[in-house]
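Chains, contacts and geometry: an overview
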Amino acid sequence: MGIKKNHLERYRQALLAKRREVADKAALAADIDVAPKASEDMEQALNSYEHELAISRKEGFWSQLRLVDEALRRMEKGTYGLCLECGEEIAPTRLQVVPWARLCLLCQEDEERRAALDKRDESYWLQGELVEMEG
Ligand SMILES: [Zn+2]
(Lines give C-alpha, C1' and ligand atoms only; values in the text may rest on other atoms or scores of the structure.)
Protein backbone atom coordinates (compact mmCIF):
# COMPACT_ATOMS: atom_id res chain seq x y z
CA MET A 1 0.00 0.00 0.00
CA GLY A 2 1.42 3.30 -1.10
CA ILE A 3 -0.55 5.61 1.15
CA LYS A 4 1.38 7.20 3.99
CA LYS A 5 -0.14 6.89 7.42
CA ASN A 6 -0.46 10.63 7.99
CA HIS A 7 -2.14 10.97 4.60
CA LEU A 8 -4.52 8.17 5.46
CA GLU A 9 -5.45 9.96 8.67
CA ARG A 10 -6.14 13.15 6.72
CA TYR A 11 -8.41 11.28 4.31
CA ARG A 12 -10.17 9.70 7.26
CA GLN A 13 -10.80 13.10 8.84
CA ALA A 14 -12.09 14.41 5.49
CA LEU A 15 -14.41 11.40 5.20
CA LEU A 16 -15.73 11.84 8.74
CA ALA A 17 -16.30 15.57 8.14
CA LYS A 18 -18.12 14.78 4.90
CA ARG A 19 -20.18 12.17 6.68
CA ARG A 20 -21.33 14.70 9.28
CA GLU A 21 -22.08 17.29 6.61
CA VAL A 22 -24.15 14.90 4.51
CA ALA A 23 -25.97 13.51 7.55
CA ASP A 24 -26.93 17.05 8.58
CA LYS A 25 -28.24 17.86 5.13
CA ALA A 26 -30.12 14.57 4.96
CA ALA A 27 -31.81 15.38 8.27
CA LEU A 28 -32.74 18.79 6.86
CA ALA A 29 -34.16 17.20 3.73
CA ALA A 30 -36.22 14.87 5.91
CA ASP A 31 -37.75 17.95 7.55
CA ILE A 32 -38.74 19.40 4.17
CA ASP A 33 -40.28 16.05 3.35
CA VAL A 34 -42.86 16.17 6.16
CA ALA A 35 -43.80 19.85 5.62
CA PRO A 36 -47.60 20.35 5.51
CA LYS A 37 -49.19 20.53 2.06
CA ALA A 38 -50.78 23.76 0.82
CA SER A 39 -54.35 23.56 -0.49
CA GLU A 40 -54.09 25.81 -3.55
CA ASP A 41 -53.29 24.18 -6.86
CA MET A 42 -50.26 26.27 -7.74
CA GLU A 43 -48.84 25.84 -4.34
CA GLN A 44 -49.60 22.18 -4.45
CA ALA A 45 -47.79 21.81 -7.74
CA LEU A 46 -44.87 23.71 -6.32
CA ASN A 47 -44.97 21.59 -3.20
CA SER A 48 -44.99 18.33 -5.05
CA TYR A 49 -42.08 19.59 -7.12
CA GLU A 50 -40.23 20.49 -3.96
CA HIS A 51 -41.31 17.20 -2.49
CA GLU A 52 -39.77 15.31 -5.38
CA LEU A 53 -36.71 17.48 -5.20
CA ALA A 54 -36.41 16.71 -1.51
CA ILE A 55 -36.73 12.99 -2.20
CA SER A 56 -34.16 12.95 -4.96
CA ARG A 57 -31.90 15.09 -2.80
CA LYS A 58 -32.37 12.68 0.06
CA GLU A 59 -31.54 9.75 -2.17
CA GLY A 60 -28.47 11.66 -3.26
CA PHE A 61 -27.48 12.07 0.37
CA TRP A 62 -27.97 8.39 1.07
CA SER A 63 -25.82 7.29 -1.83
CA GLN A 64 -23.21 9.83 -0.75
CA LEU A 65 -23.32 8.51 2.80
CA ARG A 66 -22.97 4.99 1.47
CA LEU A 67 -19.92 5.96 -0.56
CA VAL A 68 -18.32 7.60 2.47
CA ASP A 69 -19.12 4.61 4.70
CA GLU A 70 -17.71 2.21 2.14
CA ALA A 71 -14.52 4.23 1.99
CA LEU A 72 -14.22 4.14 5.79
CA ARG A 73 -14.77 0.38 5.75
CA ARG A 74 -12.07 -0.04 3.11
CA MET A 75 -9.80 1.96 5.39
CA GLU A 76 -10.39 -0.56 8.18
CA LYS A 77 -9.70 -3.43 5.84
CA GLY A 78 -6.57 -1.76 4.53
CA THR A 79 -7.74 -1.63 0.93
CA TYR A 80 -8.43 2.09 0.95
CA GLY A 81 -7.11 4.01 -2.05
CA LEU A 82 -7.19 0.99 -4.37
CA CYS A 83 -9.43 1.04 -7.41
CA LEU A 84 -12.32 -1.44 -7.04
CA GLU A 85 -12.21 -2.13 -10.74
CA CYS A 86 -8.55 -2.61 -11.66
CA GLY A 87 -6.88 -2.71 -8.22
CA GLU A 88 -4.46 0.06 -9.08
CA GLU A 89 -3.77 2.81 -6.58
CA ILE A 90 -5.99 5.84 -6.95
CA ALA A 91 -3.97 9.00 -7.49
CA PRO A 92 -3.45 11.01 -4.26
CA THR A 93 -4.52 14.18 -6.10
CA ARG A 94 -7.85 12.47 -6.77
CA LEU A 95 -8.24 11.20 -3.20
CA GLN A 96 -7.58 14.69 -1.87
CA VAL A 97 -10.54 16.00 -3.85
CA VAL A 98 -12.74 12.90 -3.63
CA PRO A 99 -11.61 10.88 -0.59
CA TRP A 100 -14.55 8.49 -1.07
CA ALA A 101 -13.52 7.62 -4.64
CA ARG A 102 -14.08 3.94 -5.46
CA LEU A 103 -12.38 3.95 -8.82
CA CYS A 104 -9.23 5.37 -10.34
CA LEU A 105 -9.71 8.12 -12.87
CA LEU A 106 -9.43 5.81 -15.88
CA CYS A 107 -12.01 3.34 -14.58
CA GLN A 108 -14.26 6.20 -13.50
CA GLU A 109 -14.17 7.63 -17.02
CA ASP A 110 -14.85 4.18 -18.39
CA GLU A 111 -17.84 3.77 -16.13
CA GLU A 112 -19.22 7.20 -17.07
CA ARG A 113 -18.79 6.42 -20.73
CA ARG A 114 -20.64 3.13 -20.25
CA ALA A 115 -23.43 4.87 -18.33
CA ALA A 116 -23.75 7.46 -21.10
CA LEU A 117 -23.93 4.64 -23.67
CA ASP A 118 -26.58 2.84 -21.65
CA LYS A 119 -28.62 6.00 -21.54
CA ARG A 120 -28.24 6.44 -25.30
CA ASP A 121 -29.30 2.84 -25.93
CA GLU A 122 -32.33 3.46 -23.76
CA SER A 123 -33.40 6.46 -25.81
CA TYR A 124 -32.90 4.48 -29.03
CA TRP A 125 -35.11 1.84 -27.56
CA LEU A 126 -37.74 4.37 -26.53
CA GLN A 127 -37.79 6.12 -29.88
CA GLY A 128 -37.88 2.83 -31.69
CA GLU A 129 -37.57 2.74 -35.45
CA LEU A 130 -37.70 6.49 -35.90
CA VAL A 131 -34.08 6.65 -34.83
CA GLU A 132 -31.34 5.81 -37.25
CA MET A 133 -28.18 4.36 -35.82
CA GLU A 134 -25.08 6.44 -36.31
CA GLY A 135 -22.17 5.27 -38.45
ZN1 LIG B 1 -9.03 1.50 -12.03
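Definitions and limits used
For every chain, the first residue of its written sequence is number 1, and the numbers climb from 1 along that sequence. pLDDT decides what is reported in this predicted model: residues at 70 or higher carry local features, side-chain atom pairs at 80 or more are listed and counted, and totals for whole chains, interfaces and linings draw on all residues regardless. Helix and strand assignments follow DSSP, with helices taken as H or I runs no shorter than four residues and strands as E runs no shorter than two, numbered in order from the N terminus. In this description, any two residues whose backbone-derived C-beta atoms lie within 7 Å of each other are considered to be in contact. Residue-level confidence of the predictor is summarised by pLDDT, bounded by 0 at the bottom and 100 at the top. Partly exposed residues are those falling between the two cut-offs: more than 12 but fewer than 20 other C-beta atoms within 10 Å of their own, whereas 20 or more means buried and 12 or fewer means exposed, with C-beta atoms placed from the backbone. By convention in this section, buried Ala, Val, Leu, Ile, Met, Phe, Trp, Tyr and Cys residues joined through C-beta atoms within 7 Å make up a nonpolar core.

Within the protein chain one finds four helices and zero strands. Counting from the amino terminus, the protein chain carries its helices and strands in the arrangement α-α-α-α. Pairs at least 24 residues apart make up 56% of the contacts formed inside the protein chain by residues separated by at least 6 positions.

Turning our eyes to something else, we now look at the confidence of the model for the protein chain. Mean pLDDT over the protein chain: 84, with 82% of residues reaching 70 or higher. At the low end of the mean pLDDT range in the protein chain sits helix α4 (residues 105–127), at 84; at the high end sits helix α3 (residues 92–97), at 94.

This part covers the environment of Arg66. Within the fold, Arg66 resides in helix α2 (residues 41–77). Given 12 C-beta atoms within a 10 Å radius, Arg66 is considered exposed. Residues Arg66 and Arg19, 47 residues apart in the sequence, show an inter-C-alpha distance of 9.3 Å.

This part covers the environment of Pro99. Structurally, the position occupied by Pro99 is in the loop between α3 and α4. As for Pro99 and Ala14, which are separated by 85 residues in sequence, their C-alpha atoms are 7.0 Å apart.

Here we take up the nonpolar core. Formed by Tyr11, Leu15, Val68, Ala71, Tyr80, Ile90, Leu95, Trp100, Ala101, Leu103 and Cys104, the largest nonpolar core amounts to eleven residues. Put simply, the parts of the chain that give this core at least two residues each are α1 (5–33) and α2. Those residues in contact with Ile90 that sit more than four places away from it in its chain are Gly81, Leu82, Cys83, Leu95, Ala101 and Cys104.

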